Amino acid sequence: MKTIYARPVVMEDKLTHYCSGCHHGISHRLVAEAIDELGIQGRTIGIAPIGCAVFIYDYFKLDFIVAPHGRAPATATGIKRVFPDRVVFTYQGDGDLASIGMAEIIHAANRGENLTTIFINNANYGMTGGQMAPTTLLGQHTTTSPYGRDVKREGHPFHIAELMSNFKGVVYSARVATYDPKTILASKKAVKKAFMNQLEGKGFSIVEFLSNCPTNWGMSVVESINFIKEKMVVEFPLGVYKGGEE
Amino acid sequence: MSERILFKGVEAVAEAAIKAGCRYFFGYPITPQNETPEYMSKRLPQVGGVFLQGESETASINMVMGASAAGARVMTTTSSPGFSLMVEGISYLSGMELPCVIANIMRGGPGLGNIAPAQSDYFQATKGGGHGDYRNIVFGPSTVKELVDLTVLAFDLADKYRNPVVLLADGALGQMMEPVVLPEEVKLENLPNKPWALTGALGREKNLAMAFEMVPEKLEEINWRLQKKYDQIIKEEVRWEEYYTDDAEYIIVAFGTSGRITKSAVKALREEKVPVGLVRPITLWPFPYGILVELVPQVEAFLVVEMSAGQMVEDVRLAVGDRRPVFFYGRPGGMVPTPKDIVQKVKETMSLLDF
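What you see is a predicted model, and the numbers here were worked out from it, not measured in a lab. (Residues numbered from 1 in each chain as written. Chains lettered and ligands numbered in written order. Predicted model: local features only at pLDDT ≥ 70, side-chain atom pairs only at ≥ 80, totals over all residues.)

S.K.: I keep staring at the overall build of chain B and nothing clicks. Help me out?
M.R.: Helix and strand counts for chain B come out as twelve helices and 15 strands. Here the C-alpha radius of gyration of chain B, 21 Å, is about what a compact globule of 355 residues would show, namely 20 Å. When the backbone C-alpha atoms are referred to their principal axes, chain B occupies close to 75 × 50 × 40 Å. Restricting the contact set of chain B to residue pairs at least 6 apart, pairs at least 24 apart contribute 80%. (Helix = DSSP H or I, 4+ residues; strand = E, 2+ residues; numbered from the N terminus. Rg over C-alpha atoms; globule rule 2.2 N^0.38 Å. Contact = placed C-beta atoms within 7 Å.)

Structure below.
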């Protein structure tokens, strides 16, 4: 019998803590597939964020450090400067990267640190129970924007993939989603590219995932996928913002 | 044989770190310690090391965290407001049991304060500063020579105990020039092996560096293990200097720059046949409570001299209790006491006691 689908070698044989239908699991798997296919398991080091993905170290057979909230790009910088030949990646959510850690991500990116960042944008703070994030959509209800995000009060959502594409140190910035096979395949390509760039010593690469949060959005999984398709993609268009063509 | 070189404190600490095998420095400009990162930015590339100016003290301490997790000897230096920004990272480093050396060249506070020398970060350095039950080894050097020696020791103890070590100096010591003999440079291949480091899990189980445990029973266990380590440090690493204590009936306790100034005051008082002595804590944590307890029977009173409104005095009172009066003389806000001030304070308090 031929195996056509199996757990990536770099993934631990474990159930994750993520809620039913959450897209973190897909993003994890795409990272794992890239590591497997590039054959870099023994020299890859991960930086976990604070947020839902804080437990990522439990799901990968990789050395991991759990950095303070938002500081992963600085911690990654420290590791990479000691081991330029290792593959170092951060996996961060929108509160971690786009709010408290905005300075760290911008400076690491602008320095052109030879790192890979996987950025999960699910438009709210998942771990703490669904508060407003920098990426929360206008009008979106969260536990700290109960009347809907109002541009006069909370300003506009942050567009990270576009922002990152402006820095000279960034070689690759893409926004992807994982709500159907087509987007998943495109995501996989982006993640692999982001790791390839690092292996080739090109500089900083970031992949922003439009992700769902059925639990805190108060939606079924299907409804959450429709929310990404109908609302998030409108605010945050998918695509490669830098480093796509070659 | 090494020769004596005239060195400024904030540059001596940098060269001593390099001699100790430190090849990574991450820091942010703040007065009065700017010469340290400046020196490192020039020297580290010459010895195959890396200097990187972080975008903030917050980023810098987290870069230190990464380099330490990778197994390197790494350092940062800062001054009071910058140290405040670093304490988040220091709490994590302590919880992760990652070695590193952090020099705080203290200046006047609170807030922006000023850039004059002070000792008002004693509480912050010795009692925690950040959140959680953690301790850092804290040294209070009083001469440039001692700063050099303690910098080397700081790296060794950081690795030995897998713990951050703080060099708590002040702007006066930092800017002072004194002759020092630099130690022999350690060979990098002789540095301690770090099997816990994150190097890529090639042919071994993965290594994790985290100050995180969701199960309270397990986190309690981790905390007790840390406390056991701190107890061992208390047992083995307390250091202090005694000056004219043998026959002293009056003891002054002072560290760092005020310890050094107090030495001159004790010398002057001894010339007048006043039986005073000095206990100068070298480790501020662990604090040398023991020697103060031992001295209580022979002593009429204690005086604590600090460049603050009174912080270490609480540790001296903890040692002495109600058995003897503990007086305090302090100059906060960047003011430095003179030997004459201290002599006068000793005489004043002695007259209260019918000495």
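S.K.: Looking at this structure, how should I read the sheet that holds strand 14 (residues 301-306) of chain B?
M.R.: Within a sheet, adjacent strands bond to each other through the backbone by hydrogen bonds, running parallel or antiparallel. All names here are of chain B. With mixed pairing, the five strands of this open sheet are ordered in space as 10-12-11-14-15. With partners counted over all chains shown, the strands left at the sheet margins are strand 10 (240-243) and strand 15 (326-330), one partner each. Shown here is a sheet whose adjacent strand axes are inclined to one another by a mean of 20 degrees, direction ignored. Alignment of strand 11 (residues 250-253) against strand 12 (residues 276-281), held across four bridges, turns out to be parallel. Following the sheet pairing, Tyr-250 is matched in strand 12 by Val-276. (Pairing = 2+ DSSP bridges. Axes fitted to C-alpha atoms, helices over the stretch in contact; angles between N-to-C directions.)

S.K.: Honestly, the pairing of strand 14 of chain B in this entry has me stumped. Any pointers?
M.R.: All names here are of chain B. Across the six residues that make up strand 14, a large majority, six, are buried. Across the two faces of strand 14 the burial is the same, with Ala-301, Leu-303 and Val-305 and Phe-302, Val-304 and Glu-306 all buried. Of the strand pairs in this sheet, strand 11 and strand 14 are connected by four bridges, and their pairing is parallel. Residue Ile-251 lies in a different strand from strand 14, and its bridge partner there is Phe-302. Relative to strand 15, strand 14 runs parallel, the two sharing five bridges. Bridge pairing in strand 15 places Val-304 opposite Phe-328. Crossover strand 14 to strand 15 through helix 11 (residues 312-320) is right-handed. (Buried ≥ 20, exposed ≤ 12 C-beta atoms within 10 Å, placed from the backbone. Right-handed = clockwise from strand over helix to strand, strands pointing away.)

S.K.: I'm lost on the interface of chain B and chain A in this one. Help?
M.R.: Often, the extent of an interface is quoted as the loss of accessible area upon association of its parts. In this complex, chain B contributes 33 residues to the contact, which on the side of chain A involves 28 residues. Among the secondary structure elements, those contributing two or more residues to the side of chain B that touches chain A are strand 2 (24-27), strand 3 (50-53), helix 3 (57-69), helix 4 (80-96) and strand 9 (208-209) of chain B. The residue inventory of the side of chain B that touches chain A, partitioned by class, reads 20 nonpolar, ten polar and three charged. In terms of strand pairing, strand 2 (residues 63-66) of chain A meets strand 9 of chain B through two bridges, oriented parallel. Bridging from a neighbouring strand, Phe-64 of chain A pairs with Leu-208 of chain B of strand 9 of chain B. (Nonpolar A, V, L, I, M, F, W, Y, C, P; charged D, E, K, R; others polar.)

S.K.: Would you explain the environment of Leu-30 of chain A in this entry?
M.R.: Residues and elements named next belong to chain A. Of note, Leu-30 is situated in helix 1 (residues 24-38). Between the C-alpha atoms of Leu-30 and Ile-79, which are 49 residues apart in sequence, the distance is 23 Å. Sequence-distant contacts of Leu-30, that is, excluding residues within four places in its chain, are made with Ser-187, Lys-188 and Val-191.

S.K.: How should the packing of helix 1 (residues 9-19) of chain B against helix 2 (residues 35-46) of chain B be read in this particular structure?
M.R.: For any two helices packed against each other, one specifies the inter-axial angle together with the distance between the axes. Residues and elements named next belong to chain B. The N-to-C vectors of helix 1 and helix 2 enclose an angle of 40 degrees; their axes lie 8 Å apart at closest approach. By the angle between their axes, helix 1 is oblique relative to helix 2. Relative to helix 2, helix 1 is oriented so that their crossing is right-handed. Mapping the contact onto sequence places Val-10, Glu-11, Val-13, Ala-14 and Ile-18 in helix 1 and Glu-35, Thr-36, Tyr-39, Met-40 and Arg-43 in helix 2. (Parallel < 35°, antiparallel > 145°, perpendicular 65-115°, else oblique. Left-handed = near helix turned anticlockwise from the far one by under 90°.)

S.K.: Help me understand the confidence of the model for chain B in this model?
M.R.: Should pLDDT be low for a region, the predicted coordinates there are not to be read in detail. The predicted model of chain B averages 97 in pLDDT, with 100% of residues at 70 or higher. Overall fold confidence for the complex sits at a pTM of 0.97, while the interface term, ipTM, reaches 0.97. (pLDDT = per-residue confidence, 0-100.)

S.K.: Quick question: what am I supposed to make of helix 11 of chain B here?
M.R.: Think of an α-helix as 3.6 residues a turn; residues three or four steps apart then line up on the same face. Residues and elements named next belong to chain B. For helix 11, the full list of buried residues reads Met-312, Val-313, Asp-315, Val-316, Ala-319 and Val-320. Down the axis, helix 11 shows its buried residues gathered within 155 degrees of arc, on one side only. Contacts made by the buried residues of helix 11 are with helix 5 (122-126), strand 11, helix 10 (289-295), strand 14 and strand 15. Just downstream of helix 11 lies Gly-321, where phi reads positive at about 65 degrees. (Arc of directions from axis to C-beta.)

S.K.: Please explain the nonpolar core as it appears in this structure.
M.R.: A general trend in soluble globular proteins is that nonpolar side chains are found buried together. All names here are of chain B. Counting residues in hydrophobic clusters, the biggest one holds 191 residues, and the most contacted among them are Val-101, Phe-302 and Val-304. By residue number, the principal contributor to this core is helix 6 (residues 144-161), which donates eleven residues. Not counting chain neighbours up to four residues away, the residues in contact with Val-101 comprise Ala-17, Met-75, Thr-151, Ala-154, Phe-155, Ala-158, Val-165 and Leu-167. (Core = buried A, V, L, I, M, F, W, Y, C linked by C-beta atoms within 7 Å.)

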